[in-house]
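Secondary and tertiary structure notes
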Amino acid sequence: MSSGVDLEHVTIRFGDFTAVDDANLAIRKGEFFSFLGPSGCGKTTILRAVSGFNEPTEGTIRINGSDMRGIGPNKRPTALIFQNLALFPLMSVADNIAFGLEVEGVKYIERRRRAEELLDLIALSGQGDKMVSELSGGQKQRVAIARALAVEPEVLLLDEPLSALDLKLRQHMRSELRNIQQRVGITFIYITHDQGEALTMSDRIAVMSAGVIEQVGDGSTIYNEPETAFVASFVGENNPFYGKVVKVDGEYAQIQNKFGLLRGRNTQDMSVGDSAILFVRPEALSLVEGNDTTPAENVIESTILAEEFEGPSIHIHMEGDTEKRISFSVSNEGKGTHLKVGDTAKICFEVNRAIVLPEGDLADE
Amino acid sequence: MSDFLSVFLAVVLALLVAPMLQKNTDTVWANLRQITFVKKNGVLVSTYLLGAVFIWVGLMIVAPQLYMVDFSFRDGAIGGDPEAYTLKNYSYLIFGRDSDENLFNLLHLQIFLKTILASVGVTLLAFLLCYPIAYYLAQSTKGGTTRLFLIALILPFWVNEILRAFAFRILFGSSGVINVVLMGMGILDEPIDFIKADIAMYAGLSYAYILLMVFPIYNAIESLDHNQIEAARDLGSPWWRIHYRVVIPYAKPGIASGCTMVFMLSAGALAVPQILGGPSSLWFTQIIYDWFFTGGDWSRGSAYAFVLLFSCIIFVLAVMKFFKVNLGELAK
Ligand SMILES: Nc1ncnc2c1ncn2[C@@H]1O[C@H](COP(=O)(O)OP(=O)(O)OP(=O)(O)O)[C@@H](O)[C@H]1O
Ligand SMILES: [Mg+2]
């Protein structure tokens, strides 16, 4: 089998509660793999199962092809970076980094040397004698990574390690993490509920909802070809239009919606009569200006509820077919818009920029 | 009563009353109100607080102790001159009577040393018993279970100390539960005299102060982030190294606080050694007791008590220095 991390029918229950439901995945060696999902969907639970802190109720976890059941966290070739880092506050930075080596019985001089090497890697050369409390947030972050890398794990597991940092630092650490991963070349399994983080760093992403892995794919697949309503609504902004499929032709399906007939790509083999949601991204919606250029299909006429001026663009909210508003942007051409709140306006989209998916729960905002 | 006490009380009263008697009472009050402590708590509360602390520390602790110090330097023996100061009470502990054949007062010195060493032993035993309990309660149990365990630990201490000591006598006696069970199982042919061997006493002392060991350690470990333990485990650490490198260093102030209290109280215990001690072995406090109540020599008793107190303090400070614990950390 593959020599990365495999989850085979992994189900994890706490009493009656199913935290992870039948997860199947093959994470490749050297891959930067992310789990993306809202709070409480079971991401940490999966990660803890991979690192050995809890055993799957059913199913098998393999690392390098071998079954990990019954093997404790201290015996697995994984290293976990905790959400709160869990650095040892009473040890120096170097002792923190070398803790795993100390456990292995490596001699002091050699430990010091390795710690120094890792400090170079995380750009903290010569700061090994500081105490953890003397470091900044981003530096602590990097020390936690170095401490985990010191034991030369085959898989590094990261549980939302950037969530405590401020925005600037978080963006900086994203590229830093990606760099480190490419340099050391080991598998990173990364957990986040921040889609921006997942999209920018990962080779592949698994989107989770309520214990179920909804879709696995690279960033652009997840964004452009969502397979479920949850993925479509969770990753990026999206405008849902509810309706029944009334016509299927070739790659396209047409639904009957409050705003009329809307047509989009039919990637999930929907048939006539199915309940569906058609999703259109804000960037695919455009205003119809002047009556003579009105396109033949996919035109929505609705009331403008709000306008937000954002500088380069103007964000417009219109009444949708549910409580959720339709939102899209028009670019600022220097004159502001001629649209006023309360007016009706027409918007349209191209068939190929819309996707028709089976009806399902949307992600909460 | 002695002059010493009357002078002491007079000074205290003078300090308290003098400001009130002054003519410019208003300015005194105005100045008092400027003090942040008074500002924060109001005049009434701060007077109460200061007064209560003063009465507690000053009158009930410091004054009697000073009185005893004074006492320990006087000749309290029958026929001695109670006004003159002397060192003979202290020298008696070390050298004994001049007429003795030994240069040193071996009997008392031995008991003194045994008391200190045995207290160290009791402290270690209590620590070994309590650390796992405290760790388990702090890190492995959840709210309800923890409370249940803690109550189970506390309830036995509603029974008074003397009764508990007598209960141990019943347990460890030659026809006590332990001997009967061991003999019933065929492990022993004859009962072991736990009391003569002082085993009952060590067990009794270790048990007597178990709460004072469990709680500080429990408090310290409870605030340790469980992720740190898991992080250590994830990095390959076996359980003993997790304790040695992560948990114990973190809990050090709590451990120091527990050990200090158990050591001090064991060394100063009287009831348990009296009830559970073997007939031939004495605890140092028993000698002090004898000087006060049997020997009728309060001066010598005071001197002995101070030697015990200061030795314990110095010992504790030295050990704390060795383990790099600050005095302030004990109060954490
Ligand atoms: N030890 C446990 N006992 C009972 N339920 C648990 C336990 N651990 C997790 N759960 C439940 O499992 C679900 C998933 O938890 P998990 O920690 O995996 O969420 P998460 O996706 O990591 O969320 P977050 O983004 O907030 O960290 C939650 O509903 C949680 O209450
Ligand atoms: Mg989590």
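Given the structure is predicted, the values throughout are model-derived calculations rather than measurements.

What counts and what doesn't
Residues numbered from 1 in each chain as written. Chains lettered and ligands numbered in written order. Predicted model: local features only at pLDDT ≥ 70, side-chain atom pairs only at ≥ 80, totals over all residues. Heavy atoms only, no water. UniProt positions renumbered as here; feature names shortened; annotations may be inferred. Helix = DSSP H or I, 4+ residues; strand = E, 2+ residues; numbered from the N terminus. Expected span 1.5 Å × (residues − 1). Buried < 20%, exposed > 50% of the residue type's maximum accessible area, 1.4 Å probe, protein only. Contact = heavy atoms within 4.5 Å. Axes fitted to C-alpha atoms, helices over the stretch in contact; angles between N-to-C directions. Parallel < 35°, antiparallel > 145°, perpendicular 65-115°, else oblique. pLDDT = per-residue confidence, 0-100. Salt bridge = Lys/Arg side-chain N within 4 Å of Asp/Glu carboxyl O. Pairing = 2+ DSSP bridges.

UniProt tags residues 5–235 of chain A as "domain: ABC transporter" (unreviewed entry). Along residues 5–235 of chain A one finds 37% helix and 26% strand; the C-alpha atoms at either end are 25 Å apart.

Turning to helix H10 (residues 210–222) of chain B, a few remarks are in order. Residue and element names in this part refer to chain B. The first and last C-alpha atoms of H10 sit 18 Å apart over 13 residues, in line with the 18 Å expected at 1.5 Å per residue. Restricting attention to buried positions, one finds in H10 the residues Ile210, Leu211, Met213, Val214, Pro216, Ile217, Tyr218, Ala220 and Ile221. Buried-residue contacts for H10 involve helix H5 (106–140), helix H6 (143–154), helix H9 (199–208) and helix H12 (239–267).

In this section: the packing of helix H7 (residues 161–172) of chain B against helix H8 (residues 177–184) of chain B. All names here are of chain B. Contact geometry of H7 with H8 gives a least axis separation of 4 Å together with a crossing angle of 20 degrees. If you check the angle between H7 and H8, you find them roughly parallel. Facing Ile170, Leu171 and Phe172 of H7, the residues of H8 in contact are Val177, Ile178 and Asn179.

Turning to the confidence of the model for chain B, a few remarks are in order. Per-residue confidence for chain B gives a mean pLDDT of 84, with 93% of residues at or over 70. Taken over the whole predicted complex, pTM reads 0.78, whereas the ipTM for its chain interfaces reads 0.79.

Our focus in this paragraph is the pattern of salt bridges. In the structure shown here, the tally under the stated rule is 19 salt bridges over all chains. We note a salt bridge from Arg48(A) to Glu230(B), for which the minimum N-O separation is 2.7 Å. One end of the pair, Arg48(A), is in helix H1 (residues 43–51); the other, Glu230(B), is in helix H11 (residues 226–234), on a second chain. Using a relative accessible area of 9% as the deciding quantity, one classes Glu230(B) as buried. Here Arg113(A) and Glu110(A) are joined by a salt bridge, their closest N and O atoms 3.0 Å apart. With Arg113(A) and Glu110(A) both in helix H4 (residues 108–121) and 3 residues apart, the pair spans about one turn of that helix. Take Arg113(A): its relative accessible area is 43%, and that puts it in the partly exposed class. By sharing partners, the salt bridges in this structure join Arg28(A), Glu31(A) and Arg204(A) into a single network.

What holds strands together in a sheet is hydrogen bonding between their backbones, with the strands either parallel or antiparallel. Residue and element names in this part refer to chain A. Strand order in the open sheet formed by 4 strands is S2-S1-S4-S5, and the pairing between neighbours is antiparallel. In this open sheet, the two edge strands, each paired with only one partner strand, are strand S2 (17–27) and strand S5 (66–67). Contacting strand S1 (5–14), S2 and strand S4 (58–63), H1 runs over the sheet at an angle of about 120 degrees to S1.

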